[in-house]
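Notes for the structure review
Spelled out from the first residue to the last, the chains are:
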Amino acid sequence: MRACSLLVSGLLCSSFAHAAETPLERHQLGSWEADIGYTGVVRDGDTLHVSGVPCRGKDMPAAVQACYGELTKILQRFGADSSQVVKETAYTTDMDALVKAIPERKAFFADGRYPAASWVQVSRLFNAEDMLEVEWTVRLK
């Protein structure tokens, strides 16, 4: 029993030591981030935390295409694709329109490999003209 607890203790310590050795990487997507006080993408080892990408368009399908197009560019920057997205949170000012635009969203996820997701309707986004904001968590390996 003592050997088992020493083994578990050693594994935990080595995991914490590894996490402490890997610094967070912060990647700005635009100069406005410093003005507001956030970072567009934070890499924590093999995990990307992608801040909400806000979008607008003539209608919700256009906003969906704009958001997911920008998110795809971010994935490509890190050598990833949509199959590696593990969690999505979408904020919209019009849930009914977003539900109708599901086909446009699904087109970005190859072979039906969808992430866990939460969709939330809000009264407005940071920029009042935006209709949609999507944030992702991505596993790189």
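Heads up: the structure comes first, above all this text.
Quick notes on the rules
- Residues numbered from 1 in each chain as written.
- Predicted model: local features only at pLDDT ≥ 70, side-chain atom pairs only at ≥ 80, totals over all residues.
- Heavy atoms only, no water.
- Phe/Tyr/Trp six-rings, centres within 6.5 Å; stacked < 30°, edge-to-face > 60°.
- Buried < 20%, exposed > 50% of the residue type's maximum accessible area, 1.4 Å probe, protein only.
- Helix = DSSP H or I, 4+ residues; strand = E, 2+ residues; numbered from the N terminus.
- Expected span 1.5 Å × (residues − 1).
- Contact = heavy atoms within 4.5 Å.
- Polar contact = N/O pair within 3.5 Å; in protein donor to acceptor, adjacent residues only side chain to side chain.
- Salt bridge = Lys/Arg side-chain N within 4 Å of Asp/Glu carboxyl O.
- Pairing = 2+ DSSP bridges.
- Axes fitted to C-alpha atoms, helices over the stretch in contact; angles between N-to-C directions.

Examining the packing of aromatic side chains
Two aromatic rings, taken as a pair, are described by how far apart their centres are and by the angle between their planes. Overall, the coordinates contain five aromatic pairs when judged by the stated rule. When the centroid spacing of 5.9 Å and the interplanar angle of 70° are considered together, the rings of Phe109 and Tyr114 count as edge-to-face. On the accessibility criterion, Tyr114 (40% relative accessible area) is partly exposed.

What about helix H3 (residues 60-77)?
Helix length check: H3 (18 residues) gives 26 Å between terminal C-alpha atoms against 26 Å at 1.5 Å per residue, within 8%. For H3, the secondary structure elements touched by its buried residues are strand E2 (41-44), strand E3 (47-55), strand E4 (85-92), helix H4 (95-100), helix H5 (102-106) and strand E6 (132-139). Structurally, the start of H3 carries an N-cap: the backbone nitrogen of Ala62 is 3.0 Å from a side-chain oxygen of Asp59.

Structural notes on the pattern of salt bridges
Applying the stated criterion to the full structure yields five salt bridges. Of the charged contacts in the structure, one is a salt bridge between Arg56 and Asp130, with a shortest N-O distance of 2.9 Å. Highlighted residues: Arg56 in the loop between E3 and H3 and Asp130 in the loop between strand E5 (116-121) and E6, separated in sequence by 74 residues. Asp130 gets classed as buried once you look at its relative accessible area, which sits at 4%. The partner of Glu88 in a salt bridge is Arg105, and the shortest N-O contact between them spans 2.9 Å. On the criterion of sequence distance, the pair formed by Glu88 in strand E4 and Arg105 in helix H5 is long-range, its members being 17 residues apart. The residues Glu88 and Arg105 share a single accessibility class, namely buried. Overlapping salt bridges bring together Arg56, Glu129 and Asp130 as one network.

Some remarks on the sheet that holds E3
As summarised here, the arrangement of the six strands in space is E1-E2-E3-E6-E4-E5, forming an open sheet in which the pairing is mixed. Lying at the two open borders of the sheet, with one neighbouring strand each, are strand E1 (25-27) and E5. For this sheet, the mean angle separating the axes of adjacent strands, direction not counted, is 15°. The sheet contact formed by E2 and E3 spans four bridges and is antiparallel. If you follow Val41 over to E3, its bridge partner there is Val50.

Topic: the environment of Arg56
Residue classification places Arg56 among the partly exposed residues on the basis of a relative accessible area of 42%. Between the alpha carbons of Arg56 and Glu133 there is a distance of 8.9 Å; along the sequence they are 77 residues apart. If we skip the residues at most four places from it in the chain, Arg56 touches Ala62, Ala63, Ala66, Asn127, Glu129, Asp130 and Met131. Of the polar contacts made by the side chain of Arg56, one reaches the side chain of Asp130; its length is 2.9 Å.

Here we look at the environment of Phe108
Tracing the backbone shows Phe108 in the loop between H5 and E5. When neighbours within four sequence positions are excluded, Phe108 is seen to be in contact with Val64, Gln65, Tyr68, Gly69, Thr72 and Ser82.

Examining the pairing of E6
In the sheet, E3 pairs with E6 via seven bridges, with the strands oriented antiparallel. Across the sheet, residue Leu48 finds its bridge partner in E6, namely Val138. In terms of strand pairing, E4 meets E6 through seven bridges, oriented antiparallel. Residue pairing in the sheet places Thr92 in a bridge with Leu132 of E6.

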